[in-house]
Structures are given as structure tokens and as C-alpha cells.
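Examination of the molecular architecture
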Amino acid sequence: MQRVLVVEDSKVVQQVLRHLAAHYLDVDVDFAWSLKEGISLIAKHEYTLALVDLTLPDAMNGEVAKYTLSKNIPTVVLTSKIDEYIRQQMLELGVVDYVVKDNRDSYHYAIKLVAQLLRNHGCKALVADDSVLSRTLMKQMLEKQLFEVSDAHDGEQALQMLKDDPEIKLLLTDYAMPTMDGFELVKAVRNFRGRDDLAIIGLSGAGKHGLSARFIKYGANDFLTKPFMNEEFHCRVMQTMEQLALIADIKESAYRDHLTGLYNRRYFYQYAEKVLKHVEQDNVLALLDIDFFKNINDQFGHEAGDQALKQVTSFLKTKFDDFTIARIGGEEFAVVLDNMGLEKAELRLNTFREQLAEHAFSINGEPYSLTMSIGITPFSKVSLTGAMRLADKALYQAKQQQRNCVVSLQSN
Ligand SMILES: Nc1nc2c(ncn2[C@@H]2O[C@H](COP(=O)(O)OP(=O)(O)OP(=O)(O)O)[C@@H](O)[C@H]2O)c(=O)[nH]1
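Looking up the protein chain in an unreviewed UniProt entry gives the name diguanylate cyclase, with the organism given as Pseudoalteromonas lipolytica.

**Considerations on the nonpolar core**
Residues Leu51, Val76, Val77, Ala110, Val114, Leu126 and Leu171 are the most contacted members of the largest nonpolar core, which totals 68 residues. For this core, the element with the highest residue contribution is helix α5 (residues 105-120), accounting for seven residues. No fewer than three residues from each of domain 1 (3-118) and domain 2 (122-254) sit in this core. If we skip the residues at most four places from it in the chain, valine 114 touches Val4, Leu25, Leu49, Leu51 and Val76. Listed in part, the 41 residues of the second largest apolar core include Tyr263, Ala334, Ala345 and Val407.

**Topic: the environment of phenylalanine 333**
Secondary-structure assignment places phenylalanine 333 in strand β13 (residues 332-338). The contact partners of phenylalanine 333, leaving out residues within four places of it in the chain, are Leu288, Leu316, Ile325, Ala326, Arg327 and Ile328.

**Comments concerning the environment of phenylalanine 323**
Following the sequence through the fold, phenylalanine 323 ends up in the loop between α13 (302-319) and β12 (324-327). Accessibility expressed as a C-beta count within 10 Å gives 19 for phenylalanine 323, which makes it partly exposed. The spatial distance from the C-alpha of phenylalanine 323 to the C-alpha of valine 335 is 6.9 Å, given a sequence separation of twelve residues. Ignoring sequence-local partners within four residues, the contact set of phenylalanine 323 consists of Val335, Val336, Leu337 and Asp338.

**Describing the sheet that holds strand β17 (residues 406-408)**
Taken in spatial order, the five strands of this open sheet run β12-β13-β11-β16-β17, and their pairing is mixed. Each edge of the sheet is formed by a strand with only one pairing partner; in this case those strands are β12 and β17. Neighbour-to-neighbour, the strand axes of this sheet turn through a mean angle of 20°, independent of strand direction. Docked against the sheet, helix α15 (residues 384-400) engages β11 (283-290), β16 (372-378) and β17, running at close to 145° with respect to β16.

**Some points on the sheet that holds strand β1 (residues 3-7)**
Reading across from one edge, β2-β1-β3-β4-β5 is the order of the five strands in this open sheet, with parallel pairing throughout. Either end of the sheet is taken by a strand with one partner, and the two such strands are β2 (28-32) and β5 (97-100). Put simply, the sheet's adjacent strands are angled 15° from each other on average, direction ignored. Bridge analysis of β1 against β2 gives five bridges, and the strand direction is parallel.

**Points about the site of the ligand**
In the neighbourhood of the ligand, 16 residues make up the surrounding shell, with Asp291, Phe293, Lys294, Gly305 and Gly330 lying closest. Elements represented by at least two residues in the shell around the ligand include exactly β11, α12 (293-300) and α13. In terms of residue count, the dominant contributor to the shell around the ligand is α13 (four residues). Looking at the shell around the ligand residue by residue, the classes come out as five nonpolar, four polar and seven charged.

**Re the domain arrangement of the protein chain**
In terms of domains, the protein chain is made up of domain 1 (3-118), domain 2 (122-254) and domain 3 (265-408). On a C-alpha basis, the centroid separation for the pair domain 2 and domain 3 is 44 Å.

Conventions we followed
Starting afresh in each chain, residues are numbered from 1 along the sequence in its written order. Under the rules for a predicted model, residues below a pLDDT of 70 receive no local features and side-chain atom pairs below 80 are neither given nor counted, while totals for whole chains, interfaces and linings still include all residues. Only buried Ala, Val, Leu, Ile, Met, Phe, Trp, Tyr and Cys residues enter a nonpolar core, and they are joined through C-beta atoms within 7 Å. Burial is judged by counting other C-beta atoms within 10 Å of a residue's own C-beta: 20 or more means buried, 12 or fewer means exposed, and anything between counts as partly exposed, with every C-beta placed from the backbone. Only DSSP runs of H or I with at least four residues qualify as helices, and only runs of E with at least two residues qualify as strands; both kinds are numbered from the N terminus onward. Domain segmentation is taken from an automatic or database assignment of domains. By definition, residues are in contact whenever their C-beta atoms, placed on the basis of the backbone, come within 7 Å of each other. Pairing between strands is defined by DSSP: at least two bridges between the two strands are required. In this description, a line fitted to the C-alpha atoms serves as the axis of each element, helices being fitted only across the stretch in contact, and the angle between N-to-C directions of two axes falls anywhere from 0 to 180 degrees. Contact assignment follows one rule, namely that a residue is near a molecule or strand if its backbone-placed C-beta atom lies within 6 Å of it. Three classes are used, and their members are as follows: Ala, Val, Leu, Ile, Met, Phe, Trp, Tyr, Cys and Pro are nonpolar, Asp, Glu, Lys and Arg are charged, and the others, Gly among them, are polar.

Structure (C-alpha cells):
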């Protein structure tokens, strides 16, 4: 679990940071007022990252940053003033970045920077450059931003590494390289890794006009001219990774059902097609539908119906957390039980059905019981449309029988 330490002596600033951290950071955050308090927290916990004020009443000369860095905690510094001397001092210390506290947005920027660094943590990056010096420098800079970095000495090697490791999320590539230059590399990589999946930043020496535009046309997200300032490198990488994260968020929300947070019908169809294509083993498709759900809406109102749907979702999640669950209709859910034969799946779903019927749900604070009818079918050998048709037919039969039962159907 990631953990962040914030050391800030101003009451107002700490309050603002607490508020922003609660909103943007999904990790444990500890706050300290002084170097002394910071030291005692560091003795107790392991920190992924520290955000510290450069001057504190008991540490006027950046001692807090020196201390966190000496404990190998990547550190972002907050400073109320900046000049070339302070800047150099901080770069020499090895801080990840500094944020000047000169306007209201500074704190917002600082916390968003921490959020991005936490996302970088363990994320894989690749540097492709034929110059050892340049490669080593960029590797170090990326490592400071918490990436897990590997490097390649030319385009061909980089391409192979990207083919072998789909977990690489950032590529920094020089233009001039033997065997395959930066343009060829970007073009080749974009054939199998989209902009939403891999961020690319192109690099080249100064004075090569037009390279930036060509890099971007071939599919790079951004461009840097060498030599670059530490801060420029840092900002470009951060911004590019932030865009990648935003796209991932948009994609994720397009695949989620707003009310329950489960996957939606669109995701379910794409996922199920993938399972069909790639998995040889037995899979079972189950369609689960709440019985007489309309009664809840009619009796207690739509809001209460929504609450019931959320409660059923939580119940489903506790019982099928190893499997993909989707809400594919109003009160209809689908579960793919992959790697499970029909008999075992039927047993498991029957147990679930009994447990659900005995569970005390709550509507407007009053206990309420629910049941579900379930239709299941194996679907390794039939098409998804065929499987959906069969599972739907089985569910219909379950509704026609006594409800609160599992019906299984197989294709001939
Ligand atoms: N509150 C709420 N109700 C929904 C939502 N989506 C669908 N419904 C309601 O779910 C009810 C489904 O009713 P029916 O199709 O008659 O099914 P049922 O009452 O569960 O009866 P059986 O399925 O035959 O057991 C309708 O009243 C819909 O308005 C939703 O997101 N929230």
C-alpha cells in the first residue's frame, strides 16, 4: 500500500493540502508540522513519497528534504521563493520536483503532481537512445519520477522490447539511432500499441527543424529538444502520463454502469467475445434476474429500488469476486464463470441463490428479502449470441417455473 508524508508548518496551507489530498489521493496520507514530527512518523511507517515545506521553524535550511531523501523517500518540495541558488540546491539534493507557493493553484498542482507520481510508481518506461550518456541521464530522471525503467541502444532493440512487454506505458525515443531511427520506431510501435495505451515522447538535438511535427504526425504524444532543462523534462513526462491516465479514466467510465459501478452491457459483450476467442477451457454464462423487482419500485419508490440494486450488487460481488460481473439490464446481471464446468457452476449458483434468499436486505431501514431467477449455459463452443440466447431461454424457463431457481440449458 502506498503512503504519503506531508510536512508543512502553516495551518492554512496544511488545511488546504488535507482537503485536496482527501479529494485526489486514494492512499494513506500523514501530516506533520515539523521536522521532529516528520522524523518520528518516518520511524513508524514506510513512505512512497514525501511532500515537504523547504523551510520549517525547526529546519530553516531544507533539512527536512535532506532527511527524507537520506531515507530514500522520493521528495517533492514546497518553497515560498525560488532563485537560481535555491533551484540548484534542490536539484543537487535530488528532489523529484519543486512547487513554488506563489498562488492558490500551487497547492492544487502539488497534490496533482503527487497523484501522478503515485500512478508512475512501478509503471514501466523505456528509453531508446544510442548515446550511453543521454540514456543513463534520462533513465535516472525517470527513476526519480518513480518509473521502473529499462533502456535500448537502438530502435530495433526497443521495438522488440515493446513487443515482449505490453506493460511498458511510456517510451522516450531519440531520433537519430542506428538500425532503426526514432520515426521508424514510432511508426512500427503504433501498429500494435495505440495512443491510449502507450505514451511516446520523441527527442532530438537542437537545430533539427520540423522533427517535432514529424514525430507527432507519426504518433508521438510530445517532443523534447536536447539539451532540456530538468524541469521541462519533468513537466512533459508528467503531462503526457496525465493524459494517458485521463483517457484510461474515460474508457473505464464508458464501460461502467453509473448506478452500481459494475461493468455495463457494452463492456460485457466485448469481454465475453474475448473470452470466447482466447480461452479453450469450459466457461459458463449465467444470467441472474431479481424476481418481482417492480414491486419494490411500486411499493417504496424508484429511489428505494436503486438502493436495492446497489445492495444486490454488493452481495453479488462478495460471492463472485473472482469473476466478471456486469449489469446488463435494469434488474438483470450477467456473470461469466470461466474455467468452470456446468455442473460445478450450477452448484455454486444454487448455493448463491439460497444465500441471497436468506439474506436480510434493507429498504428504508426495514428488512426485506429478495430472490433471483438464474439461467445458465456453457459457452466455450458456441458463439456469444448463441450463448446469450440459450441463457436467456433458461432464465425465461426459471421465471416460468417457480422463480428463485437455476435452470441450465445446453446446445445440442
Ligand atoms: N429503481 C430502478 N428500477 C429499475 C431500474 N431499471 C429498471 N427498473 C425497473 O425494474 C422493473 C422490472 O420490472 P419487470 O420487467 O416487470 O420485472 P419484475 O418485476 O422483476 O418481474 P419478474 O422479472 O418477472 O420476476 C421495472 O419496474 C423497471 O422500471 C433502475 O435502474 N432503478
